[in-house]
Amino acid sequence: MINACCHCRPTVRFIAWDKQKGSAMKYLWATAAVTVLLGNANMAQAANNAVSSALASRDDLSFFSHALVQTGVADTLRADTPYTLFVPTNAAMANDFPNLSSCYSFAACRADMAAVIRNHIVPENERISVFSRRGGGIATIGTRKLNVEEPFKGAYTVENIHILNQSDGTQVKIYRINAAIASQDELAHLRVTLRADI
């Protein structure tokens, strides 16, 4: 019998055990366990596909897309959750994170970069005009709440960074920005980590 708990992590429970059917029951348990594992992997893959597909046609956002995968953040995105991504351009990523490609070889650097990447991802798909009217900050999958404002009619910022344009999708909405969402301390720490690791 397969049950799902409140966190959608299925468990396998047998009500009775028969010695003569023991091997069949072991096979059933193993099959159920593999099905559960593959099901969870497929959910993660579906989320990764939605985000990676949304980013795939944007060559100028490939550094962020690569960081999303290399830091493992892409694997944590859920298939049943729509996302809004505030994505720095390649020029912004290169400016804010020099020698970024070296970072992925070192666990400490990957963890620091993953924390920054998570603060660019909102677990809902919404128009920027709606975000700007909320006030109080928009929750990300990281630790930061983002302030979205409309300083001029039709011109929006996130954390005082200009939003250059948007790309709408049913599962993922992308807002292209001209700097990374990170404090000067976070940027300095990551640069020090990069220098120490190289």
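Note: the structure precedes this text.
We now turn to the structure provided with this report.

Cut-offs used in this document
- Residues numbered from 1 in each chain as written.
- Predicted model: local features only at pLDDT ≥ 70, side-chain atom pairs only at ≥ 80, totals over all residues.
- Heavy atoms only, no water.
- Pairing = 2+ DSSP bridges.
- Helix = DSSP H or I, 4+ residues; strand = E, 2+ residues; numbered from the N terminus.
- Salt bridge = Lys/Arg side-chain N within 4 Å of Asp/Glu carboxyl O.
- Buried < 20%, exposed > 50% of the residue type's maximum accessible area, 1.4 Å probe, protein only.
- Polar contact = N/O pair within 3.5 Å; in protein donor to acceptor, adjacent residues only side chain to side chain.
- Contact = heavy atoms within 4.5 Å.

### Concerning the sheet that holds strand β8 (residues 155–158)
With mixed pairing, the six strands of this open sheet are ordered in space as β4-β3-β10-β9-β8-β7. A single partner strand is all that each edge strand has here, and the edge strands are β4 (121–122) and β7 (148–152). Sheet topology places strand β3 (residues 83–88) next to strand β10 (residues 172–177); six bridges connect them, and they run parallel. Bridging across to β10, P88 finds its partner in I177.

### Here's the deal with the pattern of salt bridges
The final tally for this structure, using the stated rule, is six salt bridges. Its salt-bridge partner being D60, residue R176 comes within 2.5 Å of it at the nearest N-O pair. A residue pair is termed long-range when its members are at least 10 positions apart, and R176 in strand β10 and D60 in the loop between α1 (22–56) and α2 (62–70) qualify at 116 residues. R176 gets classed as buried once you look at its relative accessible area, which sits at 19%. Given a relative accessible area of 26%, D60 falls into the partly exposed group. Several salt bridges share partner residues, and in doing so they unite R58, D60 and R176 into one network.

### Comments concerning the side chain of T140
Checked against the element boundaries, T140 lands in the loop between β5 (138–139) and β6 (145–146). Of the residues examined, T140 reaches a relative accessible area of 10% and is grouped as buried. At 2.7 Å, the side chain of T140 forms a polar contact with the backbone oxygen of R144. Ignoring anything within four residues of it in the chain, the contact list for T140 reads R118, N119, I121, V122, P123 and L146.

### Section: the pairing of β7
Across three bridges, β7 lies against β8 in antiparallel orientation. By the bridge assignment, F152 is partnered in β8 with A155. The turn linking β7 back onto β8 is made up of two residues, and G154 within it adopts a positive phi angle of 80°.

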